[in-house]
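Examining the three-dimensional arrangement
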Amino acid sequence: MKFVSLALAATALASLGSAAHADTVILTADAMVDVERGRLVDDPVITIVDGVIETVTSGEAPEIDGAQYVDLSGQTILPGLIDMHVHLTSDHDLHGYRRLSVSDERATISGVVNARTTLMAGFTTVRNVGAGSFGDVALRDAINEGDIAGPRMFVSGPPIGITGGHCSDENLLPPEYQSVGENVADGPWAARAAVRKNRKYGVDMIKTCSTGGVLSKGTKVGAPQYTVEELTALTDEAHSHGLKVASHAHGAEGIVNALKAGVDTIEHASFIDDEGIELALENGAFLSMDIYVTEFILGEGEAAGILPESLEKERKVGEIQRENFRKAHAAGAKIILGTDAGVYPHGDNARQLSRMVRFGMTPAEALRAATSNAADALGQIGSVGVIAPKAHADIIAVTGNPLADISLLETVSFVMKEGKVYKSN
Ligand code: ARG
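What you are looking at is a predicted structure, and each value in this text was computed from that prediction instead of being measured.

Definitions and limits used
- Residues numbered from 1 in each chain as written.
- Predicted model: local features only at pLDDT ≥ 70, side-chain atom pairs only at ≥ 80, totals over all residues.
- Heavy atoms only, no water.
- Helix = DSSP H or I, 4+ residues; strand = E, 2+ residues; numbered from the N terminus.
- Rg over C-alpha atoms; globule rule 2.2 N^0.38 Å.
- Buried < 20%, exposed > 50% of the residue type's maximum accessible area, 1.4 Å probe, protein only.
- Contact = heavy atoms within 4.5 Å.
- Areas by Shrake-Rupley, 256 points an atom, 1.4 Å probe, with all protein chains shown as cover.
- Lys, Arg positive; Asp, Glu negative; His and termini not counted.
- Charge placed at Lys NZ, Arg CZ, Asp CG, Glu CD.
- Expected span 1.5 Å × (residues − 1).
- Bend = angle between axes of the 7 residues up to and from the residue.
- Core = buried A, V, L, I, M, F, W, Y, C linked by side-chain atoms within 4.5 Å.
- Axes fitted to C-alpha atoms, helices over the stretch in contact; angles between N-to-C directions.
- Parallel < 35°, antiparallel > 145°, perpendicular 65-115°, else oblique.
- Left-handed = near helix turned anticlockwise from the far one by under 90°.
- Nonpolar A, V, L, I, M, F, W, Y, C, P; charged D, E, K, R; others polar.
- Near = heavy atom within 4 Å.
- Polar contact = N/O pair within 3.5 Å; in protein donor to acceptor, adjacent residues only side chain to side chain.
- Pairing = 2+ DSSP bridges.
- Salt bridge = Lys/Arg side-chain N within 4 Å of Asp/Glu carboxyl O.

With respect to the overall build of the protein chain
- Regarding its fold elements, the protein chain presents twelve helices and 16 strands.
- Taken over C-alpha atoms, the radius of gyration comes to 21 Å for the protein chain, in line with the 22 Å a tight globule of 425 residues would show.
- Seen through its principal axes, the protein chain has C-alpha atoms that stretch 70 × 45 × 45 Å.
- Looking at the protein chain as a whole, 58% of its 425 residues are labelled buried.
- Residue pairs at least 24 apart in sequence account for 69% of intrachain contacts in the protein chain once pairs closer than 6 positions are excluded.
- Total accessible area computed for the protein chain in this model is approximately 16,500 Å², and 51% of it derives from carbon and sulfur atoms.
- Side chains of the protein chain give 35 positive and 56 negative charges; the mean places of these two sets differ by 3 Å.

Right, dumping it as structure tokens:
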């Protein structure tokens, strides 16, 4: 309840003022995007009870005593968006050596601000794939307990990776510092132990790295990290606890290694080849390809502290990733929206949607990647990413038809999460 009043003060939304009667909300709008069928439905009427959608009809709004009415005339509603790859505790202007000056505690406080920014941009659910000292667990819990405003979070805690790898370690300091990352785990048993530790401290899923990365010093995007044996142990351990696994992988070999090990999502998937696409299809694994971030890295990255070697790597990755996005999509691969926000400014997450359309998707497909497909990859079908009975009342609105112009999602006019209004223009 605490943040209802905060949100109300911010948006001066008097109609939802009395928390005592906040149980039933009737929401009406000009139109609703039927994301599954890729068409608009006129005059939707959504009945929400205690933050959960009860009915979805169209036409006249029912008259219910004590209910609150949210009238979004002139606007088009759709399910709250889901970003499957964010770093809420990272900031876009603290790259390279600048990162070393930021403690995990300070980063978590930035996360409080970034969580709110992300929610206000229309993202009502995120998957946070990598945060130090379980700052993401703390953020998730603070949001769920109503202390701060933010999206519903599914979190990985500290990523698990090899010595000197893209996940978990950092290679910025010379050897005399003997710096070792939080979740460095070499070998199958160490990988299992790291999964167990993360589960103990409250994560929802596991993040690992099966290749080098762009932004890590001294790693190669094409080079595998972890053996199939290690990845299989890690994934088996995670799955035995009901935790899904996301593997960062740019190079083709590391993508295939992770898929052979049975991971659930491949992050980046830049150099995915036919074998990788085939395996992803066979396993039902999802691809989370962050095809917007390259524009920020090459445009503003240098000023943000990104290392010259990383800029060099990005020049080799960005374009091929976009071509392979087109190829993987054409082959029928399951694709989810994952943006890597945090590398670039939080709140700009939706910019990737128009790139997904430019590189081969229909607007409806891009919306499914950011709603129902993402819900599927989270194991949350029917609960998020959909406007339907029994789902969380996570609803956003734009002016105009996003099926005609997907970039409308970059400026949402209305945000509701679990029946509470956070933004209303
Ligand atoms: N976090 C990722 C990495 O360091 C960013 C990759 C960004 N580049 C891209 N084209 N998607 O590897």
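Looking at helix α9 (residues 308–330)
- Look at α9: 34 Å from first C-alpha to last across 23 residues, which is about the 33 Å you get at 1.5 Å a residue.
- Considering bend angle alone, the principal kink of α9 is centred on E314 and spans about 30 degrees.
- Regarding α9, the residues found buried are S310, L311, K313, E314, V317, G318, Q321, R322, N324, F325, A328 and H329.
- Immediately beyond the C-terminal end of α9, within one or two residues, lies G332, with a positive phi of roughly 90 degrees.

Here's the deal with the nonpolar core
- Judged by nonpolar contacts, the single largest core of 86 residues is most densely connected at I206, I266, L287, L353, M356, L367 and L409.
- It is helix α6 (residues 252–261) that provides the largest number of residues to this core, a total of five residues.
- In this view, L353 contacts L81, L337, A366, A370, I406 and L409; residues no more than four positions away in its chain are not counted.
- Listed in part, the 18 residues of the second largest apolar core include A29, I48, I53 and M416.

So, the packing of helix α8 (residues 293–300) against α9
- Interaxial distance between α8 and α9 falls to 10 Å at its minimum, and their mutual angle equals 150 degrees. Considering their axes alone, α8 and α9 lie roughly antiparallel with respect to each other. Note on packing geometry: the crossing formed by α8 with α9 is left-handed. Between α8 and α9, the contacting residues are T294, E295, I297 and L298 on the first element and L311, E314, R315, G318 and R322 on the second.
- When its residues are assigned to classes, the contact of α8 with α9 shows three nonpolar, two polar and four charged.

Concerning the site of the ligand
- Around the ligand there are 15 residues in total, and V214, L215, H250, E314 and D340 lie nearest to it.
- Contact distances for the ligand include 2.7 Å between an oxygen atom and a side-chain N or O atom of H250.
- The separation between a nitrogen atom of the ligand and a polar side-chain atom of Q321 is 3.0 Å.
- Isolated, the ligand exposes 350 Å² of accessible area, and the fraction of that covered by the protein chains is 97%.

Remarks on the sheet that holds strand β9 (residues 205–209)
- With respect to topology, five strands assemble into an open sheet ordered β9-β10-β11-β12-β13, the strand pairing being parallel. Both edges of this open sheet fall to β9 and β13 (334–336), since each of them pairs with a single strand only. Strand-to-strand twist across the sheet, computed as the mean angle between neighbouring axes with direction ignored, equals 25 degrees.
- Bridge count between strand β11 (residues 265–268) and strand β12 (residues 286–288): three bridges; the pairing is parallel.

Side note on the side chain of S310
- Turning to its location among the elements, S310 is positioned in helix α9.
- A polar atom in the side chain of S310 sits 2.7 Å from the backbone oxygen of V214.
- For S310, the residues in contact, after removing those within four places along its chain, are V214, L215 and S216.

Things to note about the pattern of salt bridges
- A full pass over the atoms with the stated rule returns 15 salt bridges.
- Between R140 and D141 there is a salt bridge, with the nearest N and O atoms lying 2.9 Å from each other.
- Within the structure, one salt-bridge network assembled from shared partners comprises R192, R196, D236 and E237.

Examining unusual backbone geometry
- The backbone phi angle of F134 is positive, close to 60 degrees, even though this residue is not glycine.
- Position of F134 among the secondary structure elements: in the loop between β7 (123–128) and α3 (135–144).
- The class of F134 is buried, set by a relative accessible area of 13%.

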